[in-house]
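So the chains spell out like this:
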Amino acid sequence: VRAQIGIVAGGGRTDKPLLKAGRAYHKYAVKRNCWPKIRGVAKNPVEHPHGGGNHQHIGMPSTTGRMRPSGRKCGLIAARRTGRLRGVKKT
């Protein structure tokens, strides 16, 4: 393999902050519809299972079984465990 001479074009592009929402909008508009990310607790109950209520809280366990229907499957899907790791160092 021969060595490449020079530097990669646009190498420090991600170092500059976006500074305003309009630049983030145009950045993600050309890619896909993944911005802005709106939390489920901030939605209405007809839009998300975590929505609704007088305060922004989930109100139920955030874990969901793998066999639940597609409209109910949100949060921690088929979680093996939740919570803090105590007494054991896992990687």
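This one's a predicted model, so the numbers in the text were calculated from it and none came from an experiment.

Focus: a positive patch on the surface
Residues Arg-13, Lys-27, Lys-31 and Arg-32 make up a contiguous surface patch of positive charge. Tracing the chain through its elements places Lys-27 in helix 1 (residues 21-29). Residue classification places Lys-27 among the partly exposed positions, given a relative accessible area of 32%.

Remarks on the packing of aromatic side chains
A complete count under the given rule lists two aromatic pairs for this structure. With 6.4 Å between their ring centres and 10 degrees between their planes, Tyr-28 and Trp-35 make a pair best called stacked. Look at Tyr-28 and you get partly exposed, because its relative accessible area is 25%. For Trp-35, a relative accessible area of 32% translates into the label partly exposed. Through a chain of ring-to-ring contacts, three or more aromatic side chains come together here, namely Tyr-25, Tyr-28 and Trp-35.

Calculation criteria
- Going along each chain's sequence as written, the residues are numbered from 1 onward.
- Confidence filtering applies because this is a predicted model: local features only for residues at pLDDT of at least 70, side-chain atom pairs given and counted only at 80 or more, and all residues used for totals across whole chains, interfaces and linings.
- Side-chain calculation: all heavy atoms of the structure are included, whereas hydrogens and water are not.
- Candidates for patches are residues over 30% relative accessible area with no salt bridge; among them, like charges are joined within 9 Å and nonpolar side chains (Val, Leu, Ile, Met, Phe, Trp, Tyr) within 5 Å.
- Method for areas: the Shrake-Rupley scheme with a 1.4 Å probe, in which residue coverage is limited to the protein chains shown.
- Think of a salt bridge as a Lys or Arg side-chain nitrogen and an Asp or Glu carboxyl oxygen that are within 4 Å of each other.
- Positive residues here are Lys and Arg, negative ones are Asp and Glu, while His and the chain termini are left out of the count.
- Charge positions come from single atoms, namely NZ of Lys, CZ of Arg, CG of Asp or CD of Glu.
- Note on conventions: DSSP H or I runs of at least 4 residues are helices, E runs of at least 2 residues are strands, and numbering of each starts at the N terminus.
- Throughout, exposure labels follow a simple rule: accessible area from a 1.4 Å probe, protein chains only, divided by the maximum for the residue type, with under 20% read as buried, over 50% as exposed, and the rest as partly exposed.
- Paired rings are identified among Phe, Tyr and Trp, the last through its six-membered ring, by centres lying within 6.5 Å, and are further divided according to the angle between planes into stacked (under 30 degrees), edge-to-face (over 60) and tilted (the rest).

Everything listed here is a matter of geometry and, on its own, says nothing about what the molecule does.
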